[in-house]
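Chain by chain, the residues:
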Amino acid sequence: MINYLKLIRYRHLLLLAFMQLIFRYGFLKLQNIPLALIDWQYILLVISTVCLAAGGAIINAIFQQDSDGENKPNFQVVGKFISENTAYNLYAAFTFIGVLIGFYLSNVIQKPNFAILFILIASTLYFYASSMKNSILVGNIIIAFVSSIYVLIIGLFDLLPVTFDVNQTVMGINFSILIDYAIFTFIITLLLEMVSDIENIEGDKSQGLSTLAIALGINKAKKVVFILSLIPIFLVIYYLKVYLFDANLLYSLIYGIIFTIIPLIYFAIKIVKANKPKEFRHLYMILKWILFFTYLSIVVINLNIRYNA
């Protein structure tokens, strides 16, 4: 069982499901606004995106068996514990379920064209694993983009179908909050992918792959990551100042400083000094925890607003 959980990258799936559930029940449900999906339909949306992400993880594991054997032999599953044929069957099953549910939900909200989004996610993850992964930065950007779509899909299916002239302003504000979190997710995921490439540089190089770390070398790649890591720091500081400090949301402000700003600064300092694979793995996990606590912040902010009121 543990090998199948490793294959679908269950920790990543748990974070994805947590994010979508927290935005629904810790944010949207607390607003005085209509929502397009009833609870069990929203759960289906979560299942759909989780299935698509699981399929993406499986197809990626299939195509990078050789590099996994060198970079992370203890984490290699396909070809070692699970046959390639079984992995392909699981990929097909997860992807089919994800797309099928997407078709159903698109018709539920009376926007059948939205089904294309699920096909786009599935095909993008496949092409990333099969060919785009070997393109400098392109693969990183694609994964970051798909991760941000998982946030935006909440607004597309739960807010947009019930947005009309009379509530357009209120719904627009809520959708803009999702966009802010999607942008942050994009940046942090891009950093995650780049750190992972630096950590796996030796194995990727031996497999003839082309990543930013291989093209520039570890030291220059670390400088690029450092510069990019400054972007979310300044964005979050600006966000805390404009939306929390000026609104006198003290608890949310303290939360943002402790669980987002400080870890981001820590990451920026440590990435410059990191040299060993375990150090890059540590920084990778720091970014994952930053994402977790950032998603959780939406609940803290909502509770803070209610407490102040």
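Residues numbered from 1 in each chain as written. Predicted model: local features only at pLDDT ≥ 70, side-chain atom pairs only at ≥ 80, totals over all residues. Heavy atoms only, no water.

Chemist: Where do I start with the overall build of the protein chain in this structure?
Modeler: A tally of regular secondary structure across the protein chain gives 13 helices and 0 strands. Taking 19 Å as the expected radius of gyration for a compact globule of 309 residues, we find that the protein chain reaches 20 Å, a close match to that expectation. Looking at the protein chain residue by residue over its 309 residues, the buried ones come to 49%. Across the protein chain, contacts joining residues at least 24 apart in sequence account for 77% of those joining residues at least 6 apart. Taken as a whole, the protein chain presents about 15100 Å² of accessible surface, with 67% of it coming from carbon and sulfur. Averaged over its 21 positive side-chain charges, the protein chain has a centre that lies 7 Å from the centre of its 15 negative ones. (Helix = DSSP H or I, 4+ residues; strand = E, 2+ residues; numbered from the N terminus. Rg over C-alpha atoms; globule rule 2.2 N^0.38 Å. Buried < 20%, exposed > 50% of the residue type's maximum accessible area, 1.4 Å probe, protein only. Contact = heavy atoms within 4.5 Å. Areas by Shrake-Rupley, 256 points an atom, 1.4 Å probe, with all protein chains shown as cover. Lys, Arg positive; Asp, Glu negative; His and termini not counted. Charge placed at Lys NZ, Arg CZ, Asp CG, Glu CD.)

Chemist: Explain the side chain of Asn 302 here, please?
Modeler: Position of Asn 302 relative to the elements: it lies in helix H13 (residues 277–308). A polar side-chain atom of Asn 302 sits 3.4 Å from the main-chain carbonyl oxygen of Gly 26. Setting aside residues up to four positions removed in sequence, Asn 302 forms contacts with Gly 26, Phe 27, Leu 30 and Gln 31. (Polar contact = N/O pair within 3.5 Å; in protein donor to acceptor, adjacent residues only side chain to side chain.)

Chemist: Please clarify how the packing of helix H8 (residues 168–199) against H13 should be interpreted in this entry.
Modeler: Packed helix pairs are characterised by how far apart their axes lie and by the angle those axes make with each other. At their nearest, the axes of H8 and H13 sit 8 Å apart, and the two run at 170 degrees to each other. Classified by the angle between their axes, H8 and H13 sit roughly antiparallel to one another. Among the residues making up the contact of H8 with H13, the classes are represented as 17 nonpolar, 5 polar and 3 charged. (Axes fitted to C-alpha atoms, helices over the stretch in contact; angles between N-to-C directions. Parallel < 35°, antiparallel > 145°, perpendicular 65-115°, else oblique. Nonpolar A, V, L, I, M, F, W, Y, C, P; charged D, E, K, R; others polar.)

Chemist: Just to check I follow, could you spell out the packing of H8 against helix H11 (residues 218–245) for this structure?
Modeler: Look at H8 against H11: their axes get within 10 Å of each other, and the N-to-C directions meet at 160 degrees. Relative to H11, H8 is oriented roughly antiparallel. Taken as a pair, H8 and H11 cross one another with a handedness that is left-handed. Facing Asp 180, Phe 184, Ile 187, Ile 188, Leu 190, Leu 191, Met 194, Val 195 and Ile 198 of H8, the residues of H11 in contact are Ile 218, Ala 221, Lys 222, Val 224, Val 225, Leu 228, Ser 229, Ile 231, Pro 232, Leu 235, Val 236 and Tyr 239. The class makeup of the residues in the contact of H8 with H11 is 18 nonpolar, 1 polar and 2 charged. (Left-handed = near helix turned anticlockwise from the far one by under 90°.)

Chemist: It is not clear to me how the side chain of Ser 297 should be interpreted in this structure. Could you clarify?
Modeler: Among the secondary structure elements, Ser 297 is positioned in helix H13. Not counting residues up to four positions away in its chain, the partners in contact with Ser 297 are Tyr 181 and Tyr 255.

Chemist: How should the nonpolar core be read in this particular structure?
Modeler: Proteins that are soluble and globular tend to have nonpolar side chains buried together. Residues Phe 23, Tyr 150, Phe 157 and Phe 267 are the most contacted members of the largest nonpolar core, which totals 95 residues. It is H8 that contributes the most residues to this core, 15 residues altogether. Apart from residues lying up to four places away in sequence, Phe 157 is in contact with Ala 36, Leu 37, Leu 45, Leu 105, Ser 106, Ile 109, Phe 114, Leu 117 and Phe 118. (Core = buried A, V, L, I, M, F, W, Y, C linked by side-chain atoms within 4.5 Å.)

Chemist: Where do I start with unusual backbone geometry in this structure?
Modeler: Note: most residues except glycine have negative phi, and most peptide bonds are trans. You will see that Arg 9, though not glycine, has its phi angle at about 55 degrees, which is positive. By secondary structure assignment, the location of Arg 9 is in the loop between helix H1 (2–7) and helix H2 (10–25). One non-glycine residue, Gln 110, lies in the positive phi region at around 60 degrees. Here Gln 110 lies in the loop between helix H5 (84–108) and helix H6 (115–130).

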